[in-house]
Amino acid sequence: MANRRGWGLGKQVLNCDRISGLEICFAELGFIKRSLYMIRTTALAVLMTVGFSVNAAEEMKIKPDLAKAKKTAETVCIACHGADGNSPTSANPILAGQGSEYLFKQLMNFKSVDGKPALRNNAIMGGMTAALSTEDMQGLALYFSQQKQKPSTATDEKLVAAGQSLWRKGDFERGIPACAGCHGPAGAGVPAQFPSLAGQYADYTEAQLKNFRSEERANDPEKMMRSIAEKLSDKHIKALAEYTAGLR
């Protein structure tokens, strides 16, 4: 999205965006603007997935020490996430079965490097990652990704129905793209970039969406999640969180 230009067509002004070499021109009409926003969001998601997959693959070339990672999980991570990544409390995420590249990215983002603020601000996780090397984080990411998830469940049918509609279709009038476009129809996510949300605690998912909306969490590339979350109401967020908890 490097270049943007406008030109007239009668009384109508067209704007043109260039997305990865493809120029798309659109009228300044609400309906078409919302359409383009959703197209741009999807295109950006694809481009970021490809780019991050390559970077993650490069980072993960070193063979992780799974025995060391298991010991760390059983002595350090266990209190909040469980020894196998199945957190005992809904305030902390279930890590078991999550994509290793995504977990590695989050661990790296929690860690402050060379005195610079961490990309993902969390006092507890910042402290936990401070003593971890890159190899340690690679090992933990792979270890938790290989564990079997004990999924959460959905309990509110009305919220599930509302969440399902947003997940599958989005909300065109509000410019909200379908969540399934990035996270998959069943919430499995896309390795390296977009996390699996299926079976995740509703409380945790709700908290993260609100954090993206308030920009308390800001480690999403190109502000993708922040730009979507700002359009979500509390009801939208609660419905999506409940729906994803029941996905399998």
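Not measured: the values here are computed from a predicted model.

### Concerning the packing of aromatic side chains
Here is step 1: Taken as a whole and judged by the stated rule, the model has 2 aromatic pairs.
Here is step 2: Residues tyrosine 143 and phenylalanine 144 carry aromatic rings whose centres are separated by 5.3 Å and whose planes lie at 65 degrees to one another, so their mutual orientation is edge-to-face.
Here is step 3: On the basis of relative accessibility, which here comes to 5%, the residue phenylalanine 144 falls in the buried class.
Here is step 4: Aromatic pair tryptophan 167 and tyrosine 243: ring centres 6.1 Å apart, planes at 55 degrees, arrangement tilted.

### What about the environment of serine 100?
Here is step 1: The topology assignment puts serine 100 in helix H3 (residues 100-110).
Here is step 2: Spatially, the C-alpha atom of serine 100 lies 7.9 Å from that of glutamine 138, the residues being 38 residues apart in sequence.

### Some remarks on the environment of alanine 154
Here is step 1: By the element assignment, alanine 154 lies in the loop between helix H5 (134-145) and helix H6 (157-169).
Here is step 2: On the basis of relative accessible area, alanine 154 is assigned to the partly exposed category, the value being 31%.
Here is step 3: Taking the C-alpha atoms as reference, alanine 154 lies 7.8 Å from alanine 202; in sequence the two are 48 residues apart.
Here is step 4: With near-sequence residues (within four places) excluded, alanine 154 lies in contact with Val160, Glu242, Ala245 and Gly246.

### Structural notes on the side chain of asparagine 109
Here is step 1: Relative to the elements of secondary structure, asparagine 109 occurs in helix H3.
Here is step 2: If sequence neighbours within four positions are ignored, asparagine 109 has contacts with Ala118, Leu119, Arg120 and Asn219.

### What about the pattern of salt bridges?
Here is step 1: Within this structure, the stated rule accounts for 9 salt bridges.
Here is step 2: The closest approach of N and O atoms between lysine 70 and glutamate 74, which form a salt bridge, is 2.5 Å. Within this pair, lysine 70 and its partner glutamate 74 are both found in helix H2 (residues 66-81), separated by 4 residues, close to a single helical turn.
Here is step 3: Given a relative accessible area of 38%, lysine 70 falls into the partly exposed group.
Here is step 4: For the salt bridge of arginine 213 with aspartate 234, the shortest nitrogen-to-oxygen distance reads 2.6 Å.

The rules we used
Residues numbered from 1 in each chain as written. Predicted model: local features only at pLDDT ≥ 70, side-chain atom pairs only at ≥ 80, totals over all residues. Heavy atoms only, no water. Phe/Tyr/Trp six-rings, centres within 6.5 Å; stacked < 30°, edge-to-face > 60°. Buried < 20%, exposed > 50% of the residue type's maximum accessible area, 1.4 Å probe, protein only. Helix = DSSP H or I, 4+ residues; strand = E, 2+ residues; numbered from the N terminus. Contact = heavy atoms within 4.5 Å. Salt bridge = Lys/Arg side-chain N within 4 Å of Asp/Glu carboxyl O.

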